[in-house]
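# Descriptive structure summary
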Amino acid sequence: MRPAFGAEANVFKNPEDVWESVHAAAGPAIPVGVDVQVESLDSISEVDMDFTMTLYLRHYWKDERLSFPSTNNKSMTFDGRLVKKIWVPDVFFVHSKRSFIHDTTTDNIMLRVFPDGHVLYSMRIIICDKIQLFSFLISRVTVTAMCNMDFSHFPLDSQTCSLELESYAYTDEDLMLYWKNGNESLKTDEKISLSQFLIQKFHTTSRLAFYSSTGWYNRLYINFTLRRHIFFFLLQTYFPATLMVMLSWVSFWIDRRAVPARVSLGITTVLTMSTIITGVNASMPRVSYIKAVDIYLWVSFVFVFLSVLEYAAVNYLTTVQERKERKLRERFSCSCGIPHSKTMMLDGNYSESDANSLAGYTRNQMVPEEEKPEKTVVHLAMSNESNSSRKRGLKGHVGLRIIQNTHAIDKYS
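Scoring rules and cut-offs
- Residues numbered from 1 in each chain as written.
- Predicted model: local features only at pLDDT ≥ 70, side-chain atom pairs only at ≥ 80, totals over all residues.
- Heavy atoms only, no water.
- UniProt positions renumbered as here; feature names shortened; annotations may be inferred.
- Pairing = 2+ DSSP bridges.
- Helix = DSSP H or I, 4+ residues; strand = E, 2+ residues; numbered from the N terminus.
- Axes fitted to C-alpha atoms, helices over the stretch in contact; angles between N-to-C directions.
- Patch = residues over 30% accessible without salt bridge, like charges linked within 9 Å, V, L, I, M, F, W, Y side chains within 5 Å.
- Areas by Shrake-Rupley, 256 points an atom, 1.4 Å probe, with all protein chains shown as cover.
- Salt bridge = Lys/Arg side-chain N within 4 Å of Asp/Glu carboxyl O.
- Lys, Arg positive; Asp, Glu negative; His and termini not counted.
- Charge placed at Lys NZ, Arg CZ, Asp CG, Glu CD.
- Buried < 20%, exposed > 50% of the residue type's maximum accessible area, 1.4 Å probe, protein only.
- 1 Å grid on protein atoms, 1.4 Å probe; cavity = no way out; pocket = protein on both sides within 12 Å on 5 of 7 lines; lining within 4 Å.
- Points joined across faces, edges and corners; volume = space filled by probe spheres on them.
- Nonpolar A, V, L, I, M, F, W, Y, C, P; charged D, E, K, R; others polar.
- Parallel < 35°, antiparallel > 145°, perpendicular 65-115°, else oblique.
- Left-handed = near helix turned anticlockwise from the far one by under 90°.
- Contact = heavy atoms within 4.5 Å.

The name given to the protein in an unreviewed UniProt entry is GABA(C) receptor, with Lonchura striata as the source organism. Looking at the Subcellular location (unreviewed entry) heading of the UniProt record, one finds this comment for the protein: "Postsynaptic cell membrane". What UniProt states about the protein under its Sequence similarities (unreviewed entry) heading is, verbatim, "Belongs to the ligand-gated ion channel (TC 1.A.9) family."

Next up, the structure:
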């Protein structure tokens, strides 16, 4: 049961009583001050879109039912066992996935109760007139909460996350949550650091949250901004992708006839780029929009892939050109008017007109010796030169390979 101003019960006079047995009159909203000291920011998960933080959470509120007489105006400190017997604010973390209070070696909870007095424990509050009480509750909590992240500029992005505190049962008419000292209510350890992020700033805000079925609630926000370090991604993503693109250009200087070398180089660069893209996406959530790193990696992948297509196109066009040239040579070789090869039977005596008729024949074929022994066999092969060039080049070398039967030549001579 929440405290109310003017209640007369005193649990220190009757320590066996619990708050449920005390009837508190209805009253105005109980102000509950909150301050936080962040001990560590443990991790930031892009895949799960959450963060884990360990902090000291302090509540301050006034409850006259816990007043006690004190001659020296000293406070009383209790452990977590008394918390179960008194009213405490039911503050919880909105959008938290997991949270727990540390319990090594005992529950990390401290309750400190003050009589009225002076400026106490860094609180600039002076309480006077009659004996009153100011309660002080500290707990050490680790919480994992959701953080909506935008990866449109990843890895050149900055993320802003919030840890939200709110009363679970009491509306703003019953309990008023507020930051004890404004922005000074949030303290951080100077040694807090993250491997991938630079913590730019912490700040606090507060506003009202509305639920259609229950009403308005006070909500407190711990906001912090993180800026990602780029050097890790330069080493692991950008530099390797750039080198793969440059490596794919090496194939342009390799002879097009070296098919195994060019094909293996192209396939290797394509598979390496695929591995880099898969590795980057494995550490990211499956978002439906394009990230900055996706644009760079996919443009690099297109360059590498086009280098493979370039060789395929060059190889195909070269093959087509060579086929056309081969057909063209065959067509010219068959259009000179005489057969491709011709065998002439000559006896030992032939005139100059007979020799002129042999112009344009080459000596690149041999005629077997099984021909008629009495005759001289001349095997002629046609060259690709024109008839006019053949006649000009005849004098000095006829271009014949004559297999002679010396006995037959002597006989007819």
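The next thing to look at is the sheet that holds strand S11 (residues 197-211). Taking strand neighbours across the sheet as the criterion, the four strands line up as S4-S8-S12-S11 in an open arrangement whose pairing is antiparallel. Sheet topology places strand S4 (91-94) and S11 at the edges, where each strand pairs with a single neighbour. Geometrically, the sheet is characterised by an average inter-axis angle of 25° between neighbouring strands, direction not taken into account. Pairing analysis gives four bridges linking S4 to strand S8 (residues 158-167), with the strands arranged antiparallel. Residue pairing across strands places Val 94 opposite Glu 164, the latter belonging to S8.

What follows concerns a positive patch on the surface. Residues Arg 323, Arg 326, Lys 327 and Arg 329 make up a contiguous surface patch of positive charge. Topologically, Lys 327 is positioned in helix H3 (residues 292-333). A residue is classified by how much of its surface remains accessible, and Lys 327, at 55% relative accessible area, is exposed.

Let's shift gears to the pattern of salt bridges. Counting across every chain of the model gives 12 salt bridges. A salt bridge links Glu 46 to Arg 228, with the shortest nitrogen-to-oxygen separation between them at 2.6 Å. Taken together, the residues Glu 46 in the loop between strand S1 (30-45) and strand S2 (50-61) and Arg 228 in strand S12 (residues 215-228) connect sequence positions 182 residues apart. On the basis of relative accessible area, Glu 46 is assigned to the buried category, the value being 9%. Of the charged contacts in the structure, one is a salt bridge between Asp 157 and Arg 228, with a shortest N-O distance of 2.7 Å. Of this pair, Asp 157 sits in the loop between strand S7 (133-146) and S8 while Arg 228 sits in strand S12, placing them 71 residues apart in sequence. Of the residues examined, Asp 157 reaches a relative accessible area of 3% and is grouped as buried. Residue classification places Arg 228 among the buried positions, given a relative accessible area of 4%.

Turning to empty space enclosed by the protein, a few remarks are in order. What the rule picks out here adds up to two cavities of 30 Å³ or more. As a volume, the second largest cavity reaches approximately 50 Å³. Forming the walls of the second largest cavity are Ser 248, Ser 251, Arg 262, Leu 265, Gly 266, Ser 307, Val 308 and Tyr 311. Of all the secondary-structure elements, those providing two or more residues to the lining of the second largest cavity are helix H2 (259-282) and H3. Taken together, the residues that form the lining of the second largest cavity break down as three nonpolar, four polar and one charged.

This part takes up the packing of H2 against H3. Between H2 and H3, the least distance of the axes is 9 Å, while the angle of their chain directions is 165°. Considering their axes alone, H2 and H3 lie roughly antiparallel with respect to each other. Taken as a pair, H2 and H3 cross one another with a handedness that is left-handed. Taken together, the residues of H3 that come into contact with H2 (itself represented by Val 259, Arg 262, Val 263, Gly 266, Thr 269, Val 270, Met 273, Ser 274, Ile 276, Ile 277, Val 280 and Asn 281) are Val 293, Asp 294, Leu 297, Trp 298, Ser 300, Phe 301, Val 304, Phe 305, Val 308, Glu 310 and Tyr 311. Residues that form the contact of H2 with H3 fall into these classes: 15 nonpolar, five polar and three charged.

Within the UniProt annotation, "transmembrane region" (unreviewed entry) is assigned to residues 230-251, 263-283 and 295-317. Structurally, residues 263-283 comprises 95% helix and 0% strand, and the distance from its first C-alpha atom to its last is 31 Å. Between the first and last C-alpha atoms of residues 295-317 the distance is 32 Å; the span itself is 100% helix and 0% strand.

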